[in-house]
Amino acid sequence: MKNLNTENIIKDYATFAESAIRNRFIKHKDVLKLIKQLPADFKVTTAGYSVEQRVLNLIEWGNGPVKVFLWSQMHGDEATGTMALFDLVSYLQQDENTELVNQVKSVCTLYILPLVNPDGAERFTRRNAQQIDINRDFLKTVSPEAKILKELQAAIRPDFGFNLHDQLTLWSVNGSKKPATLSFLAPAFDEQLSNSPNRERAMRVIADMFTAVTPFLPGHIGLFDDEHEPRAFGDNFQLRGTSTILIEAGGLVNDDEKQEIRKYYFLAILAALHSISTKTYQQQQLANYFDIAKNNKQIFHILIHQIRLNGIEVSIGINYEEKPMAKAGATFKNYTIQDIGDMDNLSAYHIYQGADLQVNGEVLLYENADFQLLSKGEIILSFKNGILESKL
Ligand SMILES: [Zn+2]
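Residues numbered from 1 in each chain as written. Predicted model: local features only at pLDDT ≥ 70, side-chain atom pairs only at ≥ 80, totals over all residues. Heavy atoms only, no water.

For the protein, an unreviewed UniProt entry supplies the name Peptidase M14 domain-containing protein and the organism Pedobacter heparinus.

A few points about helix α7 (residues 144-156)
Under the 1.5 Å per step criterion, the end-to-end length of α7 is 18 Å for 13 residues, consistent within 8% with the ideal 18 Å. The set of residues buried in α7 consists of E145, A146, I148, L149, L152, Q153 and I156. Mapping the buried residues of α7 onto a view down its axis gives an arc of 160°, with all of them on the same face. Tucked into the core, α7 has its buried residues touching β1 (43-49), β2 (55-61), β3 (66-72), β4 (108-113), α6 (118-123) and α9 (233-239). Taken from the residues just after α7, R157 is the one with a positive phi, measuring 50°. (Helix = DSSP H or I, 4+ residues; strand = E, 2+ residues; numbered from the N terminus. Expected span 1.5 Å × (residues − 1). Buried < 20%, exposed > 50% of the residue type's maximum accessible area, 1.4 Å probe, protein only. Arc of directions from axis to C-beta. Contact = heavy atoms within 4.5 Å.)

So, the coordination of the zinc ion
Octahedral metals with six donors have ideal donor angles of 90 or 180 degrees. Tetrahedral metals with four donors have an ideal donor angle of 109.5 degrees. At 2.0 to 2.6 Å from the zinc ion lie its protein donor atoms, namely H75 (ND1), E78 (OE), E78 (OE) and H165 (ND1). Metal-centred angles of 55 to 150° between the 4 donor atoms at the zinc ion mark the site as irregular. Positions of the donor residues of the zinc ion along the chain correspond to the pattern H-x2-E-x86-H. Residue H75 is found in the loop between β3 and α4 (80-91), and its partner H165 is found in strand β5 (residues 160-166); the two are separated by 90 residues along the sequence. H75 gets classed as buried once you look at its relative accessible area, which sits at 3%. (Donors = N, O, S within 2.8 Å, 3.2 Å for Na, K, Ca; no water. Tetrahedral: all angles 85-135°; square planar, octahedral: opposite > 155°, others 65-115°.)

A word on helix α8 (residues 197-213)
With 17 residues, α8 extends 25 Å between its outermost C-alpha atoms, agreeing within 8% with the 24 Å of an ideal straight helix rising 1.5 Å per residue. Summarising burial for α8: 12 of the 17 residues are buried, a large majority. Taken as a whole, α8 has its buried residues at N198, R199, E200, A202, M203, V205, I206, A207, D208, M209, A212 and V213.

Pasting the structure below:
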């Protein structure tokens, strides 16, 4: 097996991407439909049921001894991992991809559990129907979804685990000040952030993933916050013998629906499967994992420089919070003023600056954005009680 030809994979992406999924608002019924269409070499079994009795299906594929468990959307409003998993499932069925697919098939058996939190996805909320955060429920296991995930790990005893999430779009990459479009982590299994051969395996695979995806997203990939969370699944699976990798999708300019991010998320998973099946990760240096820049918060959604407020010149940082609409097939964004002052060292998805900028309306810290921004007398940005009325 040669190196992974990432350029060709990205070039051909549209030919195999799962076309039935076009946005983040995937529902359980959409996932069921895709699972029903799978060919016979994808073995589907019932893993259990959500609080509201939606079935969780486990998809098994491959004949190899290395067991790889991938699960997505423990948080109902974090759909990028689910999209990427169905792109992967589609990729595995394409004849043109035979060499890599055969390699993975002969070395690995994949266990895929998409959409762990279907009740949350229905409402586009983080938590399940019991208002429980499934990824903080490993120890008490009061939610049926956490119980299913925990029992699957104990039964399968996977060698590798992929915990697929989305993070806030306000995370950036230290040094680059770019949005952290993807973040990786080999979660720690104790407070001391100790290493073990098991955790180090995950780190080495991440170093391979980072190398594969960086050319497409330079400065956009970071290491997620490395703090031990005793209630979380990644930390506990790491402790229990599964080399666990966390992937977080963040933001990218002009990609609110995350259809670009999804492509690179898929590539990261495929690069990991290439690394695992060819065992190239065994040659990776641990230093290449620790050299990945960390996530930080040095960006805003909108940054306006050179504004005169009450006789002084300031910058204004504005962020939105995304909230599900009643029908949950869309969201709305509530913009608030999050900082006022010197922000010359910070960045944003959208930056406005110029000596001719003027604000019409009141700018109040932590309040809804409710003003117009003018350039040479023309309105270039307009908010009404927290809602954006102009285009960015
Ligand atoms: Zn999450």
